[in-house]
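Summary of structural features
Below are the chains, spelled out letter by letter.
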Amino acid sequence: LATNNKGHLCQSIIISNSSTSVAMSNEESDCILQELEEGLATQDASIVNDAFWKRSQCRLEQTPTVLQEAIDNTGVEWFHSPHLLDYVAKSTSRWARELPPALIIGGTHDFVTKPCTEGWRQLFKHNKITEVNIDGSHYLHIEKPQEYGELLSTYLLRQEQE
């Protein structure tokens with residue numbers, strides 16, 4: 001395995017649409033759902049959930065088959081899951097300063113909002129973090145594969161050169 005000039009096997013970390021707190025993401029989702037419910041003037045869960053999907057999860061006209069199949073085969077319900085509700089990302093301890101640089105990617109319409117990702121900066125305990133928001137929702141890699149791929153490629157090439 002190759003190492004970088006600091007001896008790390010891992011040369012960079014990419015965090016995409018990930019919150020440091022599941023409870024916080026759930027709260028953001030609930031706020032968006034409430035806004036949609038009020039804006040649509042309905043409490044019909046199927047209408048509100050469909051609007052939430054199209055606003056915050058996948059903004060494409062049709063949900064791609066690969067994404068739909070992945071969701072249909074999810075083993076654990078993510079939203080408000082008692083198995084995940086208490087999850088909060090924690091520091092990797094005293095070695096956090098030695099972690100490699102990180103790229104944090106978010107979607108401007110994602111339910112994983114800026115407050116949900118701010119905790120990553122505290123966990124890394126260094127300033128080698130790049131944050132990028134793409135005009136999209138939660139499944140950016142499916143919504144905007146070209147833009148997402150170019151972002152990753154540019155970032156990884158830059159890390160390789162440093």
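See the structure above.
These numbers were taken from a predicted model, which means no experiment stands behind them. (Residues numbered from 1 in each chain as written. Predicted model: local features only at pLDDT ≥ 70, side-chain atom pairs only at ≥ 80, totals over all residues. Heavy atoms only, no water.)

A tally of regular secondary structure across the chain gives seven helices and three strands. Taken from N to C terminus, the helices and strands of the chain fall in the order β-α-α-α-β-α-α-β-α-α. When burial is assessed residue by residue, the chain has 36% of its 162 residues classed as buried. Long-range pairs, those at least 24 residues apart, make up 77% of the contacts in the chain with a sequence separation of at least 6. Carbon and sulfur atoms make up 53% of the accessible area of the chain, which totals about 10200 Å². (Helix = DSSP H or I, 4+ residues; strand = E, 2+ residues; numbered from the N terminus. Buried < 20%, exposed > 50% of the residue type's maximum accessible area, 1.4 Å probe, protein only. Contact = heavy atoms within 4.5 Å. Areas by Shrake-Rupley, 256 points an atom, 1.4 Å probe, with all protein chains shown as cover.)

With that out of the way, let us pick up the nonpolar core. Side chains of nonpolar character tend, in soluble globular proteins, to be buried together. Counting nine residues, the largest nonpolar core is built from Ile15, Ala89, Leu99, Ala102, Ile104, Trp120, Leu123, Phe124 and Ile129. At the level of secondary structure, the elements contributing two or more residues to this core comprise β2 (102–107) and α5 (119–124). (Core = buried A, V, L, I, M, F, W, Y, C linked by side-chain atoms within 4.5 Å.)

Turning to its location among the elements, Ser56 is positioned in helix α2 (residues 45–57). Under the relative-accessibility criterion, Ser56 is labelled buried at 0%. At 2.6 Å, the side chain of Ser56 and the side chain of Arg55 are in polar contact. A polar atom in the side chain of Ser56 sits 3.2 Å from the backbone oxygen of His109. The contact partners of Ser56, leaving out residues within four places of it in the chain, are Ile32, His109, Asp110, Phe111, Ser137 and His138. (Polar contact = N/O pair within 3.5 Å; in protein donor to acceptor, adjacent residues only side chain to side chain.)

So, about the sheet that holds strand β1 (residues 13–16). One open sheet accounts for three strands, arranged β1-β2-β3; its pairing is parallel. The outermost strands of the open sheet, each flanked by one partner alone, are β1 and β3 (129–134). Strand-to-strand twist in this sheet, taken as the mean axis angle between neighbours without regard to direction, amounts to 15°. (Pairing = 2+ DSSP bridges. Axes fitted to C-alpha atoms, helices over the stretch in contact; angles between N-to-C directions.)

Here the focus is the pattern of salt bridges. In total, this model carries three salt bridges according to the counting rule given. When the shortest N-O distance is used, the salt bridge between Arg121 and Glu131 registers 2.7 Å. With Arg121 in helix α5 and Glu131 in strand β3, the pair connects residues that are 10 residues apart, well separated along the chain. With relative accessibility at 29%, the residue Glu131 sits in the partly exposed group. Here the residues in one salt-bridge network are Lys114, Arg121 and Glu131, joined through shared partners. (Salt bridge = Lys/Arg side-chain N within 4 Å of Asp/Glu carboxyl O.)

This next bit is on the packing of aromatic side chains. The tally for this structure, following the rule as stated, stands at two aromatic pairs. Between Phe52 and Phe111, the ring centres sit 5.9 Å apart and the planes meet at 40°, which makes this aromatic pair tilted. Residue Phe52 is found in helix α2, and its partner Phe111 is found in the loop between β2 and α4 (114–117); the two are separated by 59 residues along the sequence. We note that Phe52, like Phe111, is buried. (Phe/Tyr/Trp six-rings, centres within 6.5 Å; stacked < 30°, edge-to-face > 60°.)

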